[in-house]
Amino acid sequence: MASSSSSGLTFKLHPLVILNISDHYTRVKSQSQPPQNGAESTASTPPRVFGCVIGVQRGRTVEIFNSFELLYYPSSHSLDRSFLEKKQELYKKVFPNYYILGWYSTGSEAEESDMQIHKALMDINESPVYVLLNPSINHAQKDLPATIYESELHVIDGIPQLIFVRSSYTIETVEAERISVDHVAHLKPSDGGSAATQLAAHLTGIHSAIKMLNSRIRVLHHYLLAMQKGDIPCENSLLRQVSSLLRRLPAIESEKFQDDFLMEYNDTLLITYLAMLTNCSSSMNELVDKFNTAYEKHSRRGGRTAFF
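Treat the numbers as computed from the prediction; the structure is a model and nothing was measured.

Parameters at a glance
Residues numbered from 1 in each chain as written. Predicted model: local features only at pLDDT ≥ 70, side-chain atom pairs only at ≥ 80, totals over all residues. Heavy atoms only, no water. Helix = DSSP H or I, 4+ residues; strand = E, 2+ residues; numbered from the N terminus. Buried < 20%, exposed > 50% of the residue type's maximum accessible area, 1.4 Å probe, protein only. Contact = heavy atoms within 4.5 Å. Core = buried A, V, L, I, M, F, W, Y, C linked by side-chain atoms within 4.5 Å. pLDDT = per-residue confidence, 0-100. Expected span 1.5 Å × (residues − 1). Pairing = 2+ DSSP bridges. Axes fitted to C-alpha atoms, helices over the stretch in contact; angles between N-to-C directions. Salt bridge = Lys/Arg side-chain N within 4 Å of Asp/Glu carboxyl O. Phe/Tyr/Trp six-rings, centres within 6.5 Å; stacked < 30°, edge-to-face > 60°. Lys NZ or Arg CZ within 6 Å of the ring centre and 35° of its normal.

A.B. asks: Is there a simple way to explain the overall build of the protein chain in this structure?
C.D. replies: A tally of helices and strands in the protein chain yields eight helices and 10 strands. Residues counted as buried form 23% of the 308 residues belonging to the protein chain. Within the protein chain, contacts between residues separated by at least 24 positions form 61% of all contacts whose residues are at least 6 apart in sequence.

A.B. asks: Honestly, the nonpolar core in this entry has me stumped. Any pointers?
C.D. replies: One broad rule of soluble globular proteins: the nonpolar side chains tend to lie buried together. Core analysis: the largest hydrophobic core is formed by 18 residues, its most contacted members being Phe 68, Leu 79, Leu 84 and Tyr 130. Where this core is concerned, the elements lending two or more residues are strand 2 (50-58), strand 6 (99-106), helix 4 (114-120) and strand 7 (129-133). Element by element, the count of residues in this core is highest for strand 2, at three residues. Not counting the four nearest positions on each side in its chain, Phe 68 is found in contact with Gly 51, Cys 52, Ile 54, Leu 84, Lys 87, Tyr 91, Ile 100 and Tyr 104. Counting 17 residues, the second-largest nonpolar core is a separate cluster that includes Ile 18, Val 129, Val 131 and Ile 148.

A.B. asks: Honestly, the confidence of the model for the protein chain in this entry has me stumped. Any pointers?
C.D. replies: Regions with low pLDDT should not have their predicted coordinates read in detail. In the predicted model, the protein chain carries a mean pLDDT of 81, and the fraction of residues at 70 or more is 84%. Low pLDDT, under 50, characterises residues 38-43; the predicted model gives this stretch one contact beyond four residues in sequence or across chains.

A.B. asks: Explanation requested: helix 1 (residues 15-31) in the structure shown.
C.D. replies: Since the α-helix turns once every 3.6 residues, residues separated by three or four places project in the same direction. Taking 1.5 Å of rise per residue, 17 residues should cover 24 Å, and helix 1 covers 24 Å from first to last C-alpha, within 8% of that figure. Within helix 1, burial applies to Pro 15, Val 17, Ile 18, Ile 21, His 24 and Tyr 25.

A.B. asks: Hey, could you run me through the sheet that holds strand 3 (residues 61-69) in this one?
C.D. replies: Two strands in a sheet stick together by hydrogen bonds in their backbones, pointing the same way (parallel) or opposite ways (antiparallel). One open sheet accounts for eight strands, arranged 9-8-7-6-2-3-1-10; its pairing is mixed. Sheet topology places strand 9 (159-167) and strand 10 (169-171) at the edges, where each strand pairs with a single neighbour. The average undirected angle you get between the axes of adjacent strands in this sheet is 35°. Summarising the sheet, strand 2 and strand 3 pair through eight bridges and their orientation is antiparallel. The residue of strand 3 that forms the bridge with Arg 58 is Thr 61. Contacting strand 1 (10-13), strand 2, strand 3, strand 6, strand 7 and strand 10, helix 1 crosses the sheet at an angle of about 25° to strand 3. Most of the contacts of helix 3 (residues 81-94) go to strand 3, to which it runs at about 115°, and overall it touches strand 2, strand 3 and strand 6.

A.B. asks: What is the right way to look at the pattern of salt bridges in this model?
C.D. replies: Where charged atoms of side chains with opposite charge meet at close range, the side chains can pair. The full count for this structure, using the stated rule, is six salt bridges. The shortest N-O distance in the salt bridge between Glu 111 and Arg 48 comes to 3.2 Å. In this pair, Glu 111 sits in the loop between strand 6 and helix 4 while Arg 48 sits in the loop between helix 2 (40-43) and strand 2, placing the two residues 63 residues apart along the sequence. The class of Glu 111 is partly exposed, set by a relative accessible area of 39%. By relative accessible area, Arg 48 is classed as partly exposed at 24%. Asp 123 is paired through a salt bridge with Arg 81; the nearest N and O atoms lie 3.0 Å apart. Placement of the pair is Asp 123 in the loop between helix 4 and strand 7 and Arg 81 in helix 3, with a sequence separation of 42 residues. For Asp 123, a relative accessible area of 56% translates into the label exposed. Assessed through its relative accessible area of 27%, Arg 81 is described here as partly exposed.

A.B. asks: Help me understand the pairing of strand 3 in this model?
C.D. replies: Note on strand geometry: in a regular strand, side chains alternate between the two faces of the sheet. With respect to burial, strand 3 is a largely interior element, seven of its nine residues being buried. Two strands pair when backbone bridges link them, and strand 1 and strand 3 are joined in this way by four bridges, in the parallel orientation. Following the sheet pairing, Leu 13 is matched in strand 3 by Ile 64. Linking strand 2 to strand 3, which pair antiparallel, is a turn of two residues; within it Gly 59 sits at a positive phi near 65°.

A.B. asks: For this particular structure, what's the right way to read the packing of aromatic side chains?
C.D. replies: For any pair of aromatic rings, the description consists of the separation of the ring centres together with the inter-plane angle of the planes. Scanning all chains against the criterion turns up 12 aromatic pairs. Summarising the aromatic geometry, the rings of Phe 261 and Tyr 265 are spaced 6.3 Å apart at their centres and angled 15° between planes, so their arrangement reads as stacked. Placement of both Phe 261 and Tyr 265 in helix 8 (residues 255-302) is noted, with a separation of four residues, approximately one turn of the helix. On the basis of relative accessible area, Tyr 265 is assigned to the partly exposed category, the value being 45%. Ring plane angle 20° and centroid distance 6.4 Å describe the contact between Phe 291 and Tyr 295, whose orientation is recorded as stacked. You can see Phe 291 and its partner Tyr 295 sitting in helix 8, four residues apart, about one turn around the helix. Three or more aromatic residues joined by ring pairs form one cluster here, namely Phe 50, Tyr 72, Trp 103, Tyr 130, Tyr 149 and Phe 164. Sitting above the plane of the Tyr 99 ring, Lys 92 keeps its charged end 3.5 Å from the centroid.

Structure representation (structure tokens):
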């Protein structure tokens, strides 16, 4: 397998594809039957799921928007073509501009049997892409566990063969996807975790984000210092991007920001103060009601009338 692709295509992957593959894998894994006696080796093998990825290609840019599941036969390493054609027809009615760009699967790396599925889809797309999602958890990994492969024809030992080559990609999102991803990220745990546990997890995520931002700023700072000293050549395109980034920072130091911030801060303090007054008034009313009730009972016994 080659290290990287030389096709020159630019791939943009949307989060919905990753969510669909993760959901597909989670459902298949949860629906798997528990192993019987003497089947420990089967239990250690995670299931694999298969499906198609759809999107659009504009020139040299390939944008993967969505995906759908497929039926796979492990015995023959083949897909159900009738099911694929039916799903393709249904999606074409809803998304007329989307085309089948390739397929997806799960696993740590591409397998030899995957090339059979890849070749079978070449009658739909002459150059399909292969999206591979690694479902295993690696806390030390910072990048997404998703890999995009292309197929290239290489001559190996005098025999032309198709092999998978890695392709770089970027994550592309729209407003609806950002809202959905944020909603999924803030879902409560299914085990009914306490509020303190959820707060700790939220603060841990914020801390990790700030730590990563700080490390990237340090890298950029060291790079600019090295460029200033002449250790590395000066790149005007990069300097323009850094200048554009720095121009956003004074936005939080303007007078308008300070006025808006103080106004919001004072409003919050006022609401908190009114809430405390309301709480004190409610407690005082309860105390007066209890005192009147006790005084009325005492007055009936002594022939007096309550004055509260």
